[in-house]
Amino acid sequence: MRTLILNGNRSLTYQYYGRSDGPPLYFFHGFPGSRLQAELVHEQAAVAGVCLIAPDRPGFGHSTFAPDRTLLGWADDVIQLADTLGHQRFGVLGVSCGGLYALACARQLVQRLNYVGLMAGIAPLDVPSIQREQILILRLMFFLARIHPMLVSPFLCMDRLMLREDPEWAVRTLARILSPPDQTLIASNALVRTRFGASLAEAYVQGLAGAMHEVQLIARSQGFPLKHITGPVHLYQSGQDRHVPPLMGQYMAERIPGAHLHRYPDEGHLSVLIHRFGDCLRDFLAADAIRPTDFPTSLPLTYREKTMQTDVLIVGAGPTGLALATILKRAGIDCVIVDRLKAGQHTSRAAVLHAHTLEILEALGVSERLSEEGLKLTHFRIRDRDQILVRLRFDRLPTRFAHLLMLPQDRTEAILTDALIAAGGTVRRGHTVETLLESLDDVTAIVTSDGRRETIHARYVVGADGMHSLVRRSAGISFEGTRYEESFVLADVAMSWALGREEVSLFFSPAGLVVVAPLPIPDRYRIVATLEDAPEHPGKADVQALLDTRGPKCGAAKVIDVLWSSRFRLHHRVANQYRRGRFLLVGDAAHVHSPAGGQGMNTGLVDAYVLGHLLADVVSGRRDDSHLDRYEALRRPAAQQVLRLAGRLTRLATVRSVLGRTLRNLALQMVDRLSMARHQFEMNLSGLSRRAAAALESDCPQSTRVIEASDREVGTQSVA
């Protein structure tokens, strides 16, 4: 994303798609929408050699809201952007309601335009009869907007809430009011769902003001008659469009001098953009070829970006991305790791490292340093207030890392960063990956940093970029699952704690779970809890109330200070694929779940270990590309096991009925009495039961050596 400061000190955000050195075509998004809508046709533009410039209209995305703006005023914004980018001649394309803005430019900028296109473009609504074939909900919305824009706020508010919860689900819901071609497209194409959903969600990041103002602009008189538009205008009209019905295309074609109407009887409102964008590009390039020779035919040389090549691009520099980069660097593989944050986060977030993770990290040479800085605990207890239900011990595990290691995530990241630097790598911070385009030979990534743009060509791209992964969306991989109803509270506190610093305690209560875990600094504890209406930053009283109502009844806790706190919502999801072509996923980009059991970061680190060795084999030429399929075969089942474990703990913790709690407690007390059941529970939490999901073949012997050495030291065989 780039930002231009317009006259009047307004910000206009925009983004590039397609090919950066191609002839410029300005892409005006629909309603609601944002610059991200152009990502739907990024690949087609790149193949055609066209540069798409997609701006956010005022109030959408990150462009400053302008309550006094008009449709014709948009042309002034566009000309300032074009002048800044050095585009003397360019084309404009309006999609859906963006078509009116393309017409406004055609009216105002005739000397600068070599092409005007409307794809499923809405007609001016001055004449009421023009809407008679439009679906009822849109007719009602525009009718209300003519009276007052506040009357449409319930429609927009519902739209925004759906998109905030789950953009892909919102797109599936929206498909119900679209035409059959659109429904088929959305149901069958995950990439379209994710990109379209992202564009719609981005429209509302500033709130509803921009959308309310725009719907009124569209509903009222445009301020210019169609007959005053000179020069050719291409109208791409769908035959089954229920949002912009064929009557609208015919109406404009009859009134705009020089209009060219392109009819597509079998397309819908969205499908025409996806399936017929090539026709638009051909028309634009034909018009661009005959433009005056005194204008440049591409972006100025001062803009063309730097280009680099690498074997592996890693997006995201959390613990998982850092571990992966270190493994690749130690194996002699060229890799680049980027992160949009300019500095690593200084909050603790994940705070526990399990035994299996420490075994894995020994291959990176960091386990000893982690152990030196962390707090080793051997007891984990599950309680119902004052009643102990299960006593787990980790000092009897079949590994030399027979403990839980409590260490704030920022320290884990710092140690992993040092390991990466020692291996010859570095993190390119403040670098945002804007788009990813896969070809037969590589993936092209457009990366921006401090206003500069760079192209990175990578053989493989790994998404370590979290739950809202751009890599996952670019690959068209769906993220299956749902969201937890409750929000989660995370806090690091200074407190006195009567139960001491020798155990991690998981408390069950009808109100929800709460976890209390000591941190390496004396009198510091990590608190994790579920809460329906948690404040954004829980304070001392909030945390004290959680412990008083869910912890021991004897007043065991006295919170002295809250050092850091946050509220967040979690999902339990797993990617339906860990690999698609040259895209691969690790960590939270591949799986997210409840923090119960402290499994998230640990599972991601093991993902990185396995994928790092497999990628090293393939990139070095020791194995062919199909060897990477082993990654999903190993790690996706492990993630599903972790999701089940965390989900069961969360459900058990939140049983509300008296009978249900009684039965649950009896069952857990039975587990506590059965040594084999208790041992299996310990193996599951420590990750040792999932060793087989990290077992690599003989040409990657490091993991085997780690496991065998650990087992010999305690004189027992590993448990798969």
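Treat the numbers as computed from the prediction; the structure is a model and nothing was measured.

Engineer: Looking at this model, I keep getting lost on the overall build of the chain. Mind explaining?
Structural biologist: Looking only at helices and strands, the chain has 22 helices and 27 strands in total. For 720 residues, the compact-globule estimate of 2.2 N^0.38 gives 27 Å, and the C-alpha radius of gyration of the chain, at 29 Å, lies within 12% of that figure. Its C-alpha atoms put the chain at 85 × 60 × 45 Å along the principal axes. Looking at the 720 residues of the chain, the share that counts as buried comes to 60%. Of the roughly 27800 Å² that the chain leaves accessible, carbon and sulfur atoms contribute 53%. The averaged location of the 74 negative side-chain charges in the chain is 3 Å from the averaged location of its 81 positive side-chain charges.

Engineer: When you look at the confidence of the model for the chain in this model, what are you seeing that I'm missing?
Structural biologist: Low pLDDT marks stretches whose predicted atomic positions should not be read closely. The pLDDT averaged across the chain works out to 86; a share of 92% of its residues lies at or above 70. Scored below 50 in pLDDT, residues 290-305 makes 31 contacts in the model with residues more than four places away or belonging to other chains.

Engineer: Got a minute to help me understand the packing of aromatic side chains in this structure?
Structural biologist: Per the stated rule, a full pass over the model turns up 8 aromatic pairs. On the basis of an interplanar angle of 90° and a centroid distance of 6.3 Å, the ring pair of Phe 31 and Phe 60 is categorised as edge-to-face. In this pair, Phe 31 sits in the loop between β3 (24-28) and α1 (42-48) while Phe 60 sits in the loop between β4 (51-55) and α2 (73-85), placing the two residues 29 residues apart along the sequence. You'll find Phe 31 and Phe 60 in the same group, each marked buried. Aromatic pair Tyr 115 and Phe 284: ring centres 5.7 Å apart, planes at 70°, arrangement edge-to-face.

Engineer: Sorry, what's going on with the sheet that holds strand β8 (residues 259-264) here?
Structural biologist: The strands that make up a sheet are held in pairs by hydrogen bonds between backbone atoms, and each pair lies either parallel or antiparallel. Spatially, 8 strands are ordered β1-β2-β4-β3-β5-β6-β7-β8 in an open sheet, and the strand pairing comes out mixed. With one partner strand each, in any of the chains shown, β1 (2-5) and β8 form the two edges of the open sheet. Here the average twist between neighbouring strands, direction ignored, is 25°. Sheet topology note: the β1/strand β2 (residues 11-18) ladder contains 4 bridges and is antiparallel.

Engineer: Sorry, what's going on with the nonpolar core here?
Structural biologist: Nonpolar side chains tend to gather and get buried jointly when the protein is soluble and globular. In terms of nonpolar packing, the biggest core is built from 111 residues, with Leu 313 and Leu 436 touching the most fellow members. Of all hydrophobic cores here, the second largest spans 103 residues; its members include Phe 27, Leu 52, Leu 144 and Leu 235.

Engineer: Help me understand unusual backbone geometry, please; the structure alone is not making it clear to me.
Structural biologist: Note: most peptide bonds trans; most residues except glycine with negative phi. Residue Pro 32 is bonded to the preceding Phe 31 through a cis peptide linkage, with omega at -15°. Relative to the elements of secondary structure, Pro 32 occurs in the loop between β3 and α1. We note that Arg 385 has phi near 55°; this positive angle belongs to a residue other than glycine. As for its placement among the helices and strands, Arg 385 is situated in the loop between β13 (379-384) and β14 (387-393). Its identity is not glycine, yet Asp 523 carries a phi of approximately 65°, on the positive side.

Engineer: Help me out: how do you make sense of helix α15 (residues 409-422) in this one?
Structural biologist: One full turn of an α-helix is made of 3.6 residues, so residues set three or four places apart face in the same direction. The end-to-end C-alpha distance of α15, which contains 14 residues, comes to 20 Å, matching closely the 20 Å that a straight helix rising 1.5 Å per residue would cover. Taken together, the buried positions of α15 are occupied by Gln 409, Thr 412, Glu 413, Ile 415, Leu 416, Ala 419 and Leu 420. Angularly, the buried residues of α15 cover 165° about the axis, an arc narrow enough to put them on a single face. Exposed and facing more than 90 degrees away from the buried side of α15 are Ile 421 and Ala 422. One or two residues past the end of α15 sits Gly 424, with phi positive at roughly 95°.

Engineer: In this structure, what is going on with the side chain of Arg 472? I would like to understand it.
Structural biologist: Following the sequence through the fold, Arg 472 ends up in helix α16 (residues 470-475). In this structure Arg 472 is buried but unpaired, with Asp 465 as the nearest side chain of opposite charge at 6.5 Å. If we skip the residues at most four places from it in the chain, Arg 472 touches Gly 466, Met 467, Ile 477, Phe 479, Ala 575, Leu 585, Asp 588 and Ala 589.

Engineer: So what exactly am I meant to see when it comes to the environment of Ser 620 here?
Structural biologist: Of note, Ser 620 is situated in the loop between α18 (600-619) and α19 (629-653). Here the alpha-carbon distance between Ser 620 and Met 601, two residues 19 residues apart in the chain, equals 28 Å.

Engineer: Would you mind going over a nonpolar patch on the surface with me for this structure?
Structural biologist: A contiguous nonpolar patch, built from Leu 140, Phe 143, Ile 147 and Leu 151 and spanning about 360 Å² of accessible area, is present on the exposed surface. Within the secondary structure, Leu 140 sits in helix α4 (residues 136-147). You can call Leu 140 partly exposed: its relative accessible area is 38%.

Engineer: When you look at the pairing of β1 in this model, what are you seeing that I'm missing?
Structural biologist: Side chains Arg 2 and Leu 4 project from β1 onto a buried face, and the interleaved Thr 3 and Ile 5 project onto a face without burial. In this structure, the hairpin formed by β1 and β2 is closed by a connection of 5 residues, where Gly 8 is found at a positive phi of approximately 90°.

Engineer: What is the right way to read the sheet that holds strand β11 (residues 352-353) from this model?
Structural biologist: What the 3 strands build is an open sheet, ordered β11-β15-β12; its pairing is antiparallel. Of all the strands in the sheet, just β11 and β12 (375-377) have a single pairing partner and so form its edges.

Engineer: What am I meant to see in the environment of Thr 378 here?
Structural biologist: Here Thr 378 is to be found in the loop between β12 and β13. Thr 378 sits 14 residues away from Leu 392 along the chain, and the two C-alpha atoms are 8.2 Å apart. For Thr 378, the residues in contact, after removing those within four places along its chain, are Leu 392, Arg 393, Phe 394, Asp 395, Ala 402, His 403 and Glu 502. In this structure the side chain of Thr 378 is engaged in a polar contact, spanning 2.9 Å, whose partner is the side chain of His 379.

The rules behind the values
- Residues numbered from 1 in each chain as written.
- Predicted model: local features only at pLDDT ≥ 70, side-chain atom pairs only at ≥ 80, totals over all residues.
- Heavy atoms only, no water.
- Helix = DSSP H or I, 4+ residues; strand = E, 2+ residues; numbered from the N terminus.
- Rg over C-alpha atoms; globule rule 2.2 N^0.38 Å.
- Buried < 20%, exposed > 50% of the residue type's maximum accessible area, 1.4 Å probe, protein only.
- Areas by Shrake-Rupley, 256 points an atom, 1.4 Å probe, with all protein chains shown as cover.
- Lys, Arg positive; Asp, Glu negative; His and termini not counted.
- Charge placed at Lys NZ, Arg CZ, Asp CG, Glu CD.
- pLDDT = per-residue confidence, 0-100.
- Contact = heavy atoms within 4.5 Å.
- Phe/Tyr/Trp six-rings, centres within 6.5 Å; stacked < 30°, edge-to-face > 60°.
- Pairing = 2+ DSSP bridges.
- Axes fitted to C-alpha atoms, helices over the stretch in contact; angles between N-to-C directions.
- Core = buried A, V, L, I, M, F, W, Y, C linked by side-chain atoms within 4.5 Å.
- Expected span 1.5 Å × (residues − 1).
- Arc of directions from axis to C-beta.
- Salt bridge = Lys/Arg side-chain N within 4 Å of Asp/Glu carboxyl O.
- Patch = residues over 30% accessible without salt bridge, like charges linked within 9 Å, V, L, I, M, F, W, Y side chains within 5 Å.
- Polar contact = N/O pair within 3.5 Å; in protein donor to acceptor, adjacent residues only side chain to side chain.

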